[in-house]
Every structure is written in C-alpha cells, then in structure tokens.
Amino acid sequence: MLAAMTPTPETAKPAIAPMQAPRVTAAASAPVTSPTRIKIDHINAFYGQKQALFDVNLEVPDNAVTAFIGASGCGKSTLLRCLNRMNDTIPGARVEGQIRMDGTDINSAEIDPVQVRTRIGMVFQKPNPFPMSIYDNIAYGPRAHKLVSNKAEMDELVEKSLRRAALWDEVKDRLGKSGLGLSGGQQQRLVIARALAVSPAVILMDEPCSALDPVATAHIEALIDELRKHTCIVIVTHSMAQAARVSQITAFFHMGKLIEAGNTDQIFMAPKLDQTQDYITGRFG
Amino acid sequence: MNTPIAERPLLGSRKIHAADTTFRISLHVAGALVVVVLLSILAIMFIGGKLAFDTFGLGFIWGTEWNPVTQVYGALPAITGTLVTAVLALCIAWPIGFGIAFFLTEICPEKLRTPLGVAIELLAAVPSIVYGMWGFFVLAPFMSEYVQPWLTNVFIWIPPIGDSFFWFTAPPIGVGMLTAALILAIMILPFIAATTRDVLLSTPQLLKDGAYAMGATRWEALTGVVIPAVRGSLFGAVFLGLGRALGETMAVVFVIGNAIRMPDSVMAPSATIASVVANSFPEAEPGTLDLAVLLGLGFILFVVSFGVLAVARVLLRQERMS
Amino acid sequence: MKQLTAATRARYFRRQLVDRIMGGLCIAAAGLGLVLLGMILWMLFSNGIAGFSLAVFTESMAQPGAGGGLANAIVGSLIQVGLGAMIGAPIGMMVGVYLSEVGKESKFAQVVRFVNDILLSAPSVLIGLFVYQIAVEPLGGFSGLAGALALAIIAMPIVARTTEDILRLVPQAYRDGAVALGSRENEVVRKVVLPAAFGGILTGVLLAVARIAGETAPLLFTSLGNTNWSTDLTQPMASLPIAIYRYAGSPYQEWVNLAWTGAMLITVGVLVLNILSRFSHAAVAGKQGG
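So, how was this worked out
Residues numbered from 1 in each chain as written. Chains lettered and ligands numbered in written order. Predicted model: local features only at pLDDT ≥ 70, side-chain atom pairs only at ≥ 80, totals over all residues. Heavy atoms only, no water. Helix = DSSP H or I, 4+ residues; strand = E, 2+ residues; numbered from the N terminus. Buried < 20%, exposed > 50% of the residue type's maximum accessible area, 1.4 Å probe, protein only. Contact = heavy atoms within 4.5 Å. Areas by Shrake-Rupley, 256 points an atom, 1.4 Å probe, with all protein chains shown as cover. Core = buried A, V, L, I, M, F, W, Y, C linked by side-chain atoms within 4.5 Å. Domains from an automatic or database assignment. Salt bridge = Lys/Arg side-chain N within 4 Å of Asp/Glu carboxyl O. Buried area = accessible area lost by both parts, 1.4 Å probe. Pairing = 2+ DSSP bridges. pLDDT = per-residue confidence, 0-100. Disulfide = S-S within 2.5 Å. Axes fitted to C-alpha atoms, helices over the stretch in contact; angles between N-to-C directions. Patch = residues over 30% accessible without salt bridge, like charges linked within 9 Å, V, L, I, M, F, W, Y side chains within 5 Å. Left-handed = near helix turned anticlockwise from the far one by under 90°. Nonpolar A, V, L, I, M, F, W, Y, C, P; charged D, E, K, R; others polar.

In this section: the overall build of chain A. Along the backbone of chain A there are 10 helices and 10 strands. Per-residue burial over chain A gives 60% buried out of 285 residues. Long-range contacts, defined as pairs at least 24 residues apart, comprise 69% of the intrachain contacts of chain A with a sequence gap of at least 6. Accessible area of chain A: about 11,300 Å², with a carbon and sulfur share of 54%.

What follows is the structure, encoded as structure tokens:
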C-alpha cells in the first residue's frame, strides 16, 4: 500500500501521482511502494491553551523519506516530536489522537515512551554530540540499552555505525577525542551514527542541515538517501529544494493543519490545492 | 540481556520506571532538607531561648541591663552594637566599594580589568579571622594611638559634635564600635565591590551607548541611565553586604571590646549579638538561663538576618527577571 | 560653524569637571581599597613567614615556652573540612540538580531556592549554636563529628547554588539528545548532564571547601578545639581557625607568631582553592564553547 494520504476526507485513497514532468531530482525516484510504518490518526496537539496541530492524518511509509514542509510555526516540528513522544518532556504539552507504529498506538497509556524513543531515533537542528569522546557518543545508546555484551562487540558496533553514517574514515584515528572537536557537518553525522547504533526502525530529523554549510549539507543529504534503504525517515525542512532533493513523500503544513500530502513529484509539480502551489512557488520564485 | 531493540516490547516496564521514581523522590528529599534545616534552626533557637523570653518578656529585647551575676539579661546593648557597627560599616564600605566597581567597569584600562577583578574576588574569600587578627594587632593600636586622640582633640570643642554619641571623649583604648565597624567595612569591601561590579556589568551596553550618543559624560551615563536601570540590584547588593556584617563574628570579636552595656560613644567598647554569643558561650552551662539567653539572642539575630537577606534576594531576583 | 555661547561653554566645563572629580574619587577609592587589602596581606605574610618552620607541620600544640607547632590543628582541620565537604557536597549537588532538572519553576522549587539563598549567607555563628543544640548537648559532648556537621551545613547551600547555576548552562540539546536516545530522566542527568557540568560542579565544591576551611565561629560550639593530638571523631578536635583564635588572643609572643603562621596557611590554602576553582570553571566553559 502506498502511504501518503490527503488529510481529509479519511476515505481518500493513496494518491499516486502519475509521472507528469521530468522529476526534480534523481533521489525522488519511483513511486513509493513500501508498507506503512507509522499511521498518524486524528492528531491534535496543544501547548497549554494554544492548539498547535489540528486533526492531522498521515501515513508514513517504510524505506522512504517523508518530508514535512511549511512556514515557521506551522506545526511540522510539533508533529515530528509527537512521533517519538518528545513532547512529553515539555511542560503543558498535550497530544490527542493515535499514532500507530507497526500497528501499536504509541500514544496509549500503557506504552512506555522510553521504549518508543529507543526504536525511533532523532536528529536535531543543531548538532548535539555529548561532551564526550566520539567512541562514547556512539556507545551511549548501546550501553544504555545493553545491546552488546563485551568490548569487542561494542567496537564492532561503533565502527559499523560510523561507517553507515559515512564518518568512519574521517574519525577512525581519533575515536578517543571529544566529539565537540569535529566540524559541524561531521558532528551532525556523528549524531546520526549515534542514533543508528541502536538500530532504530525510524529516524526523525528536525531541520538537520539548517546549521550546516552547503558542502556538509550535500554529505548529509547523500547519507539520508543511503539510509532510507533500510529505515523509515521523516525529515522536517524549511528548504523546498531539500525536500525535493531527498524526499519521496512530502506533506505540506499550514497553521497547524496538514494541507496536502503526496508523492514529492506530485506535490512540487502538480499540487492539488492552490495553497500548496502558492507556498511552493512563492518559495521558489 | 542483548535483545535487539526491535524485539523488545513497547509496553511500560514498571521496574525501570522505579529508577526514575527513586531519583525524583531522593531529589525532592534533598530539596526538602534545605527547608527543614532552616526551619529547625529557627525552631531550635526559639525553643532553646524560650526560657529567656518567658523570664523577661519583651524586656529581653528592650532591656538595657546585662548582668550575669544577678541573672538579668536585656539584649538591647548587643542589638544596638550589632546595628551600629553593621550600618556604620556599610556607610564606609559602600561608597568605596561602588567607586571600585565603577573604576573596574568604566575607568580602568582593559588590560587591568580582569586581574584586578580577580584580585578583588580573591580578597572576598579571605577568612574573616584574618581580618579580625589584623584589626587586633594593627588597626586597634593605630586607632588608640592616633585616630582617637585626634578625633577627641579636634571635636571636643564643638559641643554638638564633640559631645554627642559620635566623638564623645572615650578613653583611647583602640577597641570599640568604630574599630569594629572599620574592620567590618574592610572585610565586606571586596564583597560589595565584586557584587556591584557584576550588577553594573549586567547593564546592556546599548543603554550606555545611547547615553554616550547623546553626549553624556561617563558620570552622567552612570547616574542618568545605568543606576536607574539597576537600582534594585544595587540595593540588593547593599543588603547582602549588610547581612554579612550583621552576622559576622570573628572579625568583630577581636576588636569590639566585649562590653555589654549601652554605648555612650561610637568609640566605646561594646558588643554585637554574634560576639556575645561567641564570648559568653564557654560559661553557659546546658539547661541554664545563661544558655537560653544566648539561644534567644541567636533567634533575634537569625530573624533580623533572615529579613535583610530576604529583601536582598527579592531585589536581586526582580532585576534578573525583568 | 555656530559659536558656542559662554553659558554653554561654562556648562560643558562644569559637566566635564564633575566627571573628572567623580572619576578621580573612584580611582582614589580603588587605590584606597587595594592599599588597605594589600597592607593586610603584607602583614599576614610578613608575620606568618616569621613564625614559619618545619615544626609547624611536625609538632602538636604545646605549652608556652615548649616550642610546638600546629600539626594537630592542621590535621584536625583537614579531617573536619574533608568530612564536612563529603557530607555537604553530595546533598548540595542533589539540591542543585533538583532545582535545575526537576523542580525548575514549581512552587516548591522556588521555596527551596529562596531558603537556600538565605542559608547561603546565614550567620555561621548560628549554625554552630544550632549544631551544638542538636548534636553536642544531646550526644554528650563536643566532637569532631559535630564540627564536620556544622561545616557540612555551611557547605551544602554553596554547592547547591553553584550546581544549579552550572546545570542551567548545560545546553538543552544534550538533554533532548539523551531523551531521544531513550534515556530515562535519571539517566539523562547522571550520564549526560552531570558529566557535562563536572568542571563547574567541582568549582562549586572547591569554593565551598575554601569557605568552610576558614570558618571559625561554628567550630567554637561544636568541635571546641583540642591542644592534644586527636583524630577521634567523638572527642573534641583541634582545628586551625580555633588554634589561631586562641593563640592570637594569648599573651605569649611565640603563640601569637604561630597564630600568624596558621592564618597565613589558611589564607594560602583558601586562595589556592579559589584559583584552582577558576581553572576548573574555565575548563568547563571552554568545553561548552567548542
């Protein structure tokens, strides 16, 4: 089943946009055919009195990159933080509705948010390696969740994670050095490697390139495209171009509402709604 | 043990949750302990001093006689000594401390600011007993030999001043309230200078630039813009200094003279609550009125300090929020 | 260009004059303050070095005329300050963690923060009197343990305050990162936040140690002082500040000399601790800037 759905009505069938025009990039290739990983069902979110999300419905497919776009304060980051229950840590934040990951509602009362977060990795806007060595940064998750039983396994896992994040060659000689000594782009890849070390099923990225220069951004984007082969990735971005380059599915948010979602090609080439069209062309124009 | 993440249940595990609960409870207990300590100090002083309050009633605070032989205890001499030395110390230390702070923030060459600032902060950390010793061995003899005779000679002929509380002809023995106030002033000087400097530094440069742009001199910028902007914090720093001076023991005990009677001159030997407590304690047997009186004095000092420090905190916090 | 009127010029001159005079007074104030404090330190060191000898460290306090040193007082101080810090610092850290990580702006946390600030500057002589009432009188006598307890009560709010301040400087991103990796609250604090703030917390502990090392008044009521060598925590214990206090007021010149030497030792110790704390603070600030 294809994943992207328009928000309303609920009965809307997955929208597979026919290929109409040359694709924006190579990354946004063939239509997504992988199964749904996360099903967002009637989500309303509040910060205190203020409602940040209004009845959002969306399906996020596996092995693909789903991009959330929209102006600042449109709710895209809020929704991202709902997916791993990071909003629990904000006082006064409240989320209503269901988010099903592989069929389990992660918002339900008997779910342990910590277990949810171990399965869903997250990468933040600003690289946030812990003030410890590169090795210890990667080993943090596996140690906390007791994923390995000895040093050799840990070494192996650290190397594997760093390789997957395309950072191994750059740091293999200084694993004992502080992670804060790396460049911004390297730090962001270190953080991705740290998330990968616990083999999450989903990786959430909150504007992961907004603090990086173009070269580092290109590195991260290439990495994202590589990672999606094995994981489900959700990325929040303020850059239209980035959404077009890396994602297969795009969801456009405005004032807390999901306006339109669908294949990235379709959203960018032939949006169904004028509002989406305006936003995209406004940004591009 | 090494179950892959994907095979672990999402359901809440009570056992690990308990770790967070224990964590939170122990932190709350630690926080509560702080409050408990403060309340216990108040309670212990009050209960221990109850005998004194019961025996003398309000007279304990207003009584001017202190006589261990007849077992009559009035705290007014000690209270007076405490307030006079502390306020006098503040009146001496604050203008100088403020001057140092203004010097450090505006006048001093860039290169010297950090080393001088650090020196001031280090001096604030010197134990008070060192100031007490210096007062005893250096300042008191100096006062007795030069300052007191000079003050007496100069002002004795001017009856309104020479005959008043201030320069009354006290025997030039060097120790007394004025010497204690000077020592307290020197002791709190680095502290006041450091806190005032921090307050002055907290003024946004933009504010000062605005004043300079209008052609204000440094002094005008200070009095017209900076001081109004940080008035609350400046008073907060003053009250913090006052709180220190009120409760100080070791700097005072060497030079106050330890005479528990109503002072007739600012140069006369006197006593502060803290010095009385420290000096009379060795003779106060448990269970006697003597010890109850000391605890009662402690209660009064604690309540006064509490008030002064509370005002200081409120003034300092206000500024921090806005 | 417009001519300045005489009045304008006079006013300008007067304003400049006020600025100069007040500036000059401030420089004078700074000079006076530094001279006074310099005099105190000079007196301390010149007298302290005069009485300085190896015997200060190797011999216990003795009768006047019998030589003697301050060894028992130095060891007593080390024991009481060490024990006081070991009791007070962990509790203070927990209070700081509570205020910064759990309580934050809640009502109770605000009360704790306020009370902690009061305790921070409460007269230490009263802490001594308090401990006398709860731990000396009921337990049958002056003891090193009671001294350590009094010092712990003084150290606790200092450590609590610096811990809270430094934890607030730890970027929220570290906490978010750890939470997103599936760490529980206690793990976030223990494994990420506290290690990140280690240098700053160490600063607070060093400052607290420096402060209690010089405390005299509370020990008068608790460990009392002891002229003999004793490391028994249940017995009265000597300490450097008390030894200074007793010797400084004595009529014997050699005791007075020892008092100066003791005061110099304490001051040097306190200043060294303060300087060390600056380094540990700078280290953590540098780490976060990177």
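Another aspect to go through is the nonpolar core. Grouped together as the largest cluster of nonpolar side chains are 211 residues, with contacts concentrated most on A:Ile40, A:Phe68, B:Tyr131, B:Leu297 and C:Leu70. Tallying contributions element by element places helix H12 (residues 289–321) of chain B first for this core, with 16 residues. Three or more residues apiece are contributed to this core by two domains, here domain 1 (6–50) and domain 2 (56–289) of chain C. Each residue touching C:Leu70, except ones within four places of it in the same chain, is listed here: C:Ala55, C:Val56, C:Glu59, C:Met61, C:Leu240, C:Ala243, C:Tyr247, C:Leu258 and C:Gly262. By size, the runner-up hydrophobic cluster in this structure holds 46 residues, among which are A:Ile134, A:Val148, A:Leu157 and A:Ala216.

Residues and elements named next belong to chain B. Considering all chains together, one arrives at 32 salt bridges over all chains under this definition. Here Glu106 and Lys208 are joined by a salt bridge, their closest N and O atoms 3.1 Å apart. Here the residue Glu106 occupies a position in helix H3 (residues 76–107), and Lys208 occupies one in helix H8 (residues 205–213), the gap between them amounting to 102 residues. Classification of Lys208 as buried rests on a relative accessible area of 8%.

Listed per partner, the contact involves 78 residues of chain C and 79 residues of chain B. The contact between chain C and chain B buries some 7,200 Å² in all, and 80% of this surface belongs to carbon and sulfur atoms. For the pair chain C and chain B, the interface holds 5 salt bridges. A salt bridge links B:Glu121 to C:Arg278; the nearest nitrogen and oxygen atoms lie 2.7 Å apart.

Moving on, we come to the pairing of strand E4 (residues 93–101) of chain A. Residues and elements named next belong to chain A. Pairing of strand E1 (residues 36–47) with E4 involves 8 bridges; the strand directions are antiparallel. Bridge assignment links Ile38 to a residue of E4, and that residue is Met101. In this structure, E4 lies alongside strand E5 (residues 104–105), joined through 2 bridges in antiparallel fashion. The residue of E5 that forms the bridge with Arg100 is Asp105. Here E4 folds back onto E5 in antiparallel fashion, the turn holding 2 residues, of which Asp102 has a positive phi close to 50 degrees.

Let us now look at the confidence of the model for chain A. Residues at a pLDDT of 70 or more form 88% of chain A, whose mean pLDDT is 86. A low-confidence stretch, residues 1–29 of chain A (pLDDT under 50), is modelled with 67 contacts involving residues beyond four sequence positions or located in other chains.

Counting across every chain of the model gives 0 disulfides over all chains. Between B:Cys108, a cysteine without a disulfide, and C:Cys26, which holds the nearest cysteine sulfur, the sulfur-to-sulfur distance is 12 Å. The exposure class assigned to B:Cys108 is buried, which follows from its relative accessible area of 1%. Since its relative accessible area comes to 4%, C:Cys26 is described here as buried.

What follows concerns the side chain of B:Thr82. Along the chain, B:Thr82 falls in helix H3. Not counting residues up to four positions away in its chain, the partners in contact with B:Thr82 are B:Leu246, B:Ala271, B:Thr272 and B:Ile273.

Okay, the sheet that holds strand E2 (residues 50–61) of chain A next. Residues and elements named next belong to chain A. Strand order in this open sheet of 4 strands is E2-E1-E4-E5, and the pairing throughout is antiparallel. Strand pairing shows two members of the sheet lacking a second neighbour, E2 and E5, which therefore form its edges. Sitting on the sheet, helix H1 (residues 76–83) touches E1, E2 and E4, and the angle it makes with E1 is about 120 degrees.

The next thing to look at is unusual backbone geometry. If you check the backbone angles, B:Asn258 has positive phi at about 50 degrees while not being a glycine. Here B:Asn258 is to be found in the loop between helix H10 (250–253) and helix H11 (273–280). Phi is positive for C:Leu224, which is not a glycine, with a value near 70 degrees. With respect to the helices and strands, C:Leu224 occurs in the loop between helix H10 (217–220) and helix H11 (240–248).

What follows is about the sheet that holds strand E7 (residues 202–206) of chain A. Residues and elements named next belong to chain A. Taking strand neighbours across the sheet as the criterion, the 6 strands line up as E6-E7-E8-E3-E9-E10 in an open arrangement whose pairing is mixed. The sheet is open, and its two edges are formed by strand E6 (120–123) and strand E10 (257–263), each paired on a single side. Geometrically, the sheet is characterised by an average inter-axis angle of 15 degrees between neighbouring strands, direction not taken into account. Where E6 meets E7, 4 bridges bridge the pair, whose relative direction is parallel. In the strand pairing of E7, Val123 is matched with Met205. Here helix H6 (residues 184–196) sits on the sheet in contact with E6 and E7, set at roughly 170 degrees to E6. Strands in contact with helix H7 (residues 214–227) are strand E3 (65–69), E7 and strand E8 (232–236); relative to E8, the strand with the most contacts, it is inclined by about 150 degrees.

Residues and elements named next belong to chain C. On the surface, Val268, Val272, Ile275, Leu276 and Phe279 cluster together to form a nonpolar patch covering roughly 430 Å² of accessible area. Looking at where Val272 falls in the secondary structure, it is placed in helix H12 (residues 253–289). According to the relative accessible area criterion, Val272 is partly exposed, its value standing at 43%.

This part covers the packing of helix H7 (residues 177–201) of chain B against helix H1 (residues 6–50) of chain C. In contact at an axis separation of 11 Å, H7(B) and H1(C) are set at 115 degrees when each is read in the N-to-C sense. Considering the relative orientation of H7(B) and H1(C), their crossing is left-handed. Here B:Ile186, B:Leu189 and B:Pro190 of H7(B) come into contact with H1(C), specifically with C:Gly33, C:Leu36, C:Leu37 and C:Ile40. For the contact of H7(B) with H1(C), the class distribution of residues is 6 nonpolar, 1 polar and no charged.

We now examine the side chain of B:Thr249. Considering the arrangement of structural elements, one finds B:Thr249 in the loop between helix H9 (218–247) and H10. For B:Thr249, the residues in contact, after removing those within four places along its chain, are B:Ala274, B:Ala278, C:Val125 and C:Ala217.

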